[in-house]
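What follows is the residue order along each chain.
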Amino acid sequence: MIALGSDHGGYALKQELIAYLEKKGLEYKDFGCYDEKSCDYPEYAHAVAHAVADGECEKGILICGTGIGMCLAANKVKGIRAALCGDCFSAQMTREHNDANVLCLGARVLGSGLALKIAETFLNTEFSGDERHMRRISKIEE
């Protein structure tokens with residue numbers, strides 16, 4: 001199960017992501033927002049982050065204008081390792097090395113084609129489980 005959230009600036013891209021997930025047969029839960037009216041992004045970032053941290057969802061994807069605000073807000077939730085990614089290599093490395101569990105995307109700085117490729121990479125990349133990466137993650141979570 002993938003938790004999804006956006007603010008008004010990420011709403012349109014979230015709709016494209018939903019279509020992609022449905023085409024792939026992937027389950028998701030949409031935590032809002034549900035239109036392009038101005039809203040406060042921390043509400044949606046926290047909802048997705050808590051769903052992931054509490055085990056309701058395996059991973060999360062957050063989308064706002066730049067991805068920065070969502071990333072900052074999500075990382076305030078214990079157990080969340082949210083990563084703002086603007087390319088596929090970063091999405092792969094943050095999963096393999098950091099076991100990131102929330103992907104943040106900037107709708108106003110990425111085209112939808114690239115954003116969907118980044119999301120696909122994030123969702124399909126496993127954590128390496130290497131001792132050095134596990135050690136580093138434990139230091140982050142202290």
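Described in the following lines is the structure provided in the data block. These numbers were taken from a predicted model, which means no experiment stands behind them. (Residues numbered from 1 in each chain as written. Predicted model: local features only at pLDDT ≥ 70, side-chain atom pairs only at ≥ 80, totals over all residues. Heavy atoms only, no water.)

1. Looking at unusual backbone geometry
Residue C33 is reached from G32 by a cis peptide bond, and omega for that bond is 0 degrees. For C33, the location among the structural elements is in the loop between β2 (28-30) and α2 (41-53). Despite not being glycine, D99 has its phi angle at roughly 50 degrees, a positive value. Counting through the fold element by element, D99 comes out in the loop between α4 (88-98) and β5 (102-106). Assessed through its relative accessible area of 23%, D99 is described here as partly exposed. (Helix = DSSP H or I, 4+ residues; strand = E, 2+ residues; numbered from the N terminus. Buried < 20%, exposed > 50% of the residue type's maximum accessible area, 1.4 Å probe, protein only.)

2. Notes on the environment of P42
Residue position: P42 is located in helix α2. Taking the C-alpha atoms as reference, P42 lies 11 Å from G32; in sequence the two are 10 residues apart.

3. As for a nonpolar patch on the surface
Taken together, I68, L72 and L84 make up a surface patch of nonpolar side chains, about 280 Å² in accessible area. With respect to the helices, strands and loops of the structure, L84 is situated in strand β4 (residues 82-84). You can call L84 partly exposed: its relative accessible area is 39%. (Patch = residues over 30% accessible without salt bridge, like charges linked within 9 Å, V, L, I, M, F, W, Y side chains within 5 Å. Areas by Shrake-Rupley, 256 points an atom, 1.4 Å probe, with all protein chains shown as cover. Salt bridge = Lys/Arg side-chain N within 4 Å of Asp/Glu carboxyl O.)

4. Here's the deal with the packing of helix α1 (residues 11-24) against helix α5 (residues 112-124)
Between α1 and α5, the shortest axis-to-axis distance is 10 Å and the interhelical angle comes to 50 degrees. Compared by their axis directions, α1 and α5 come out oblique. Here α1 runs over α5; the crossing is right-handed. Listed contacts from α5 to L13, E16, L17, Y20, L21 and K24 of α1 are S112, A115, L116, A119, E120 and L123. (Axes fitted to C-alpha atoms, helices over the stretch in contact; angles between N-to-C directions. Parallel < 35°, antiparallel > 145°, perpendicular 65-115°, else oblique. Left-handed = near helix turned anticlockwise from the far one by under 90°. Contact = heavy atoms within 4.5 Å.)

5. A look at the pairing of β5
Most of β5 sits out of view: five of its five residues are buried. Here β5 shows no split at all, with V102, C104 and G106 on one side and L103 and L105 on the other all buried. Two strands pair when backbone bridges link them, and strand β3 (residues 59-64) and β5 are joined in this way by five bridges, in the parallel orientation. From the neighbouring strand, I63 faces β5, where its bridge partner is L105. Tracing the backbone out of β4, into α4 and back to the parallel element β5 gives a crossover that is right-handed. (Pairing = 2+ DSSP bridges. Right-handed = clockwise from strand over helix to strand, strands pointing away.)

Geometric values such as these leave the question of function open.
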